[in-house]
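# Architecture and fold: a report
The primary structure of each chain is shown beneath.
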Amino acid sequence: NTSPPAALAEDIEVEKAIQPDSVIINLDHGDPTMYEQFWEKTGEKATIVIPGWQSLSYFSDISNVCWFLEPEFAGEVRRLHKLVGNANTDDRHIVVGTGSTQLYMAALYALAPTDTSKQPISVVSAAPFYSSYPLMTDFLKSGLYKWGGDAYTFNGEEPYIELITSPNNPDGFTRKPVVNGTGGILVHDLAYYWPQYTPITSQLDHELLLFTVSKSTGHAGTRIGWALVKDKNIAQKMTKFIELNTIGVSKDSQLRAAKILGAVSDSCTDSSDSESFFEFGRRLMTQRWKQLRHAVRTSGLFSLPEFTSDFCNYYEKYSELHPAFAWLRCEGDIEDCEKFLRDHKIITRSGKHFGRDIKFVRVSMLDRDKNFGLFVERLSNITSENKFP
Ligand code: PMP
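Residues numbered from 1 in each chain as written. Predicted model: local features only at pLDDT ≥ 70, side-chain atom pairs only at ≥ 80, totals over all residues.

### Section: the sheet that holds strand S12 (residues 325-330)
Reading across the sheet, the 4 strands line up as S9-S12-S15-S14 and stay open at both edges, with antiparallel pairing between neighbours. Both outer strands of the open sheet, strand S9 (302-303) and strand S14 (349-350), are each paired with one neighbouring strand and no more. Relative to S12, S9 is paired through 2 bridges, and the arrangement is antiparallel. Among the inter-strand pairings, serine 303 is bridged to a residue of S12, identified as arginine 329. (Pairing = 2+ DSSP bridges. Helix = DSSP H or I, 4+ residues; strand = E, 2+ residues; numbered from the N terminus.)

See below:
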């Protein structure tokens with residue numbers, strides 16, 4: 001009997017019944033499911049087992065400023081940065097967080113002046129900026145800091161905190177500080193400063209750098225981020241924030257993240273022929289950007305940013321940017337790009353959330369192959385003849 005089991009036959013019938021053009025394609029969040037393929041293939045090398053007696057204590061290393069930081073995780077963070085060459089970890093304090101989201105809030109708490117008789121310090125970032133910054137900054141109506149908007153229009157006469165996201169979410173460009181002021185405190189959000197997205201042009205060495213496994217390895221659900229902090233006092237204050245917020249960070253997640261980061265490093269140093277993690281990511285991103293640019297040309301209704309290539313110290317050759325998001329602009333008489341695409345059953349995030357206008361949307365490039373394939377196909381089929389369904 002060669003026919004499929006009943007349940008499978010049912011699935012096949014359902015698949016047949018779903019017309020690809022009736023499927024809603026949701027690319028609103030930067031959910032990094034694209035990486036599942038690599039980790040499936042990696043199997044045991046990235047798997048951990050935690051016995052019942054392990055990880056009971058609140059404490060990891062009480063001699064460390066960040067007393068809940070698992071030494072194994074810290075070791076793998078330093079090893080990977082050294083290998084990739086994207087950040088200096090020498091003489092830096094590592095503070096671990098429940099995602100870099102928690103570290104962002106810890107950083108604001110640690111960096112804001114404590115004198116509450118003064119106005120809260122302004123937190124600014126150059127538009128288009130990551131849509132969560134204003135929401136996270138003002139959520140608890142802190143007396144210490146407040147969202148100050150687009151850094152390009154900030155006068156810089158009073159003290160401020162400037163967030164530099166490089167490569168930038170949503171538009172993918174490499175960024176430098178833009179406020180021309182003296183009292184500025186800088187936070188570098190480097191979630192996407194990894195070789196699958198952008199050329200690694202220098203080993204960064206700023207005061208406070210934020211990283212996350214969410215976008216580096218794709219393990220957003222593990223909720224692990226880390227900060228590299230030059231000043232001990234700032235690292236202590238960030239640690240205090242996390243202590244009062246969640247009494248530390250899941251050890252289980254840190255151990256898993258350590259295994260994953262270790263597997264990434266191993267894949268790069270392994271002398272066998274198998275593709276390294278960054279080669280896998282780079283190959284997929286290159287392919288996807290090519291497909292997307294082709295779809296945009298075929299449709300004729302959209303435009304995308306153009307990037308120049310730069311020398312990548314990691315690959316030791318010139319390479320191009322392949323951002324984790326596409327910052328897509330609707331051309332011509334289409335005013336509200338998010339609404340326009342929603343009418344074509346494509347869910348994206350409007351430019352208005354990033355401090356720009358509604359002609360723009362942000363589209364995730366990190367979804368599973370099938371969803372991304374449907375997206376580019378549908379986009380290329382939207383033309384001036386059929387644009388209003
Ligand atoms: N910073 C930037 C620029 C991001 O894009 C994201 C995720 N979208 C984060 C921080 C938050 O990452 P995490 O999952 O580590 O909280």
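### Some details on the environment of threonine 47
Considering the arrangement of structural elements, one finds threonine 47 in the loop between helix H2 (36-42) and helix H3 (71-84). Counting along the chain gives 216 residues from threonine 47 to alanine 263, while the straight-line C-alpha distance between them is 9.5 Å.

### Concerning the confidence of the model for the protein chain
Averaged over the protein chain, the pLDDT score is 94; the fraction of residues at 70 or greater is 95%. Across the interface, the model reports ipTM at 0.99; the global pTM reads 0.94. (pLDDT = per-residue confidence, 0-100.)

### Quick look at helix H7 (residues 232-246)
A rise of 1.5 Å per residue sets the reference length of H7, with its 15 residues, at 21 Å; its end C-alpha atoms lie 21 Å apart and thus fit the reference within 8%. Along H7, the residues that are buried comprise Ile234, Ala235, Met238, Thr239, Phe241 and Ile242. Mapping the buried residues of H7 onto a view down its axis gives an arc of 155°, with all of them on the same face. For H7, the exposed residues set more than 90 degrees away from the buried face come down to Lys232, Asn233 and Leu244. Each element contacted by the buried residues of H7 is listed here: strand S2 (93-98), helix H4 (99-111), strand S7 (208-212) and strand S8 (224-229). Directly after H7, the chain includes isoleucine 247, whose backbone phi takes a positive value near 45°. (Expected span 1.5 Å × (residues − 1). Buried ≥ 20, exposed ≤ 12 C-beta atoms within 10 Å, placed from the backbone. Arc of directions from axis to C-beta. Contact = placed C-beta atoms within 7 Å.)

### Thoughts on the sheet that holds S2
With respect to topology, 7 strands assemble into an open sheet ordered S2-S8-S7-S6-S5-S3-S4, the strand pairing being mixed. Where the open sheet ends on each side, the last strands, each with one partner, are S2 and strand S4 (145-150). Along the sheet, successive strands turn relative to each other by an average axial angle of 25°, direction set aside. The pairing of strand S3 (residues 121-125) with strand S5 (residues 160-165) spans 4 bridges and is parallel. Paired with valine 123 across the two strands is isoleucine 161, which belongs to S5. Seen against the sheet, H7 touches S2, S7 and S8 and runs at an angle of roughly 20° to S2. (Axes fitted to C-alpha atoms, helices over the stretch in contact; angles between N-to-C directions.)

### As for the nonpolar core
As a rule of thumb, nonpolar side chains are buried together in soluble globular proteins. Ranked by internal contacts, the top residues of the largest apolar core, which has 102 residues, are Val95, Val96, Ala107, Ala227 and Met238. It is H4 that contributes the most residues to this core, 8 residues altogether. In contact with alanine 107, other than residues within four places in its own chain, are Val187, Leu208, Ala227 and Met238. (Core = buried A, V, L, I, M, F, W, Y, C linked by C-beta atoms within 7 Å.)

### Side note on the site of the ligand
By nearness alone, 13 residues border the ligand, and Gly99, Ser100, Thr101, Thr212 and Ser214 come closest of all. Sort the elements by how many residues they give to the shell around the ligand and H4 lands first, with 3 residues. Broken down by class, the residue content of the shell around the ligand amounts to 3 nonpolar, 9 polar and 1 charged. (Near = placed C-beta within 6 Å. Nonpolar A, V, L, I, M, F, W, Y, C, P; charged D, E, K, R; others polar.)

### Quick notes on unusual backbone geometry
Cis peptide bonds are those with omega within 30 degrees of zero, and the linkage from serine 166 to proline 167 qualifies with -5°. When you line up the elements, proline 167 lands in the loop between S5 and strand S6 (184-189). The peptide bond linking asparagine 169 to proline 170 adopts the cis configuration, its omega dihedral lying at 25°. Its identity is not glycine, yet serine 55 carries a phi of approximately 65°, on the positive side. By the C-beta count within 10 Å, which is 16 here, serine 55 ends up partly exposed. The phi torsion at arginine 223 lies on the positive side, around 55°, for a residue other than glycine. Inspection of the secondary structure assignment puts arginine 223 in the loop between helix H6 (213-216) and S8. You can call arginine 223 partly exposed: it has 19 C-beta atoms within 10 Å.

### Quick look at the UniProt feature "domain: Alliinase C-terminal" (unreviewed entry) in the protein chain
With numbering aligned to this structure, UniProt lists the feature "domain: Alliinase C-terminal" (unreviewed entry) at residues 25-382. As a span, residues 25-382 carries 34% helix and 18% strand, and end to end its C-alpha atoms are 14 Å apart. (UniProt positions renumbered as here; feature names shortened; annotations may be inferred.)

### Comments concerning the packing of H3 against helix H8 (residues 251-269)
Viewed as axis vectors pointing N to C, H3 and H8 meet at an angle of 30°, and their least axial separation amounts to 8 Å. By the angle between their axes, H3 is roughly parallel relative to H8. Here the hand of the crossing between H3 and H8 comes out left-handed. Residues Glu72, Phe73, Glu76, Val77, Arg79, Leu80 and Leu83 of H3 form the contact with H8, whose own contacting residues are Gln254, Leu255, Ala257, Ala258, Leu261, Gly262, Val264, Ser265 and Cys268. (Parallel < 35°, antiparallel > 145°, perpendicular 65-115°, else oblique. Left-handed = near helix turned anticlockwise from the far one by under 90°.)

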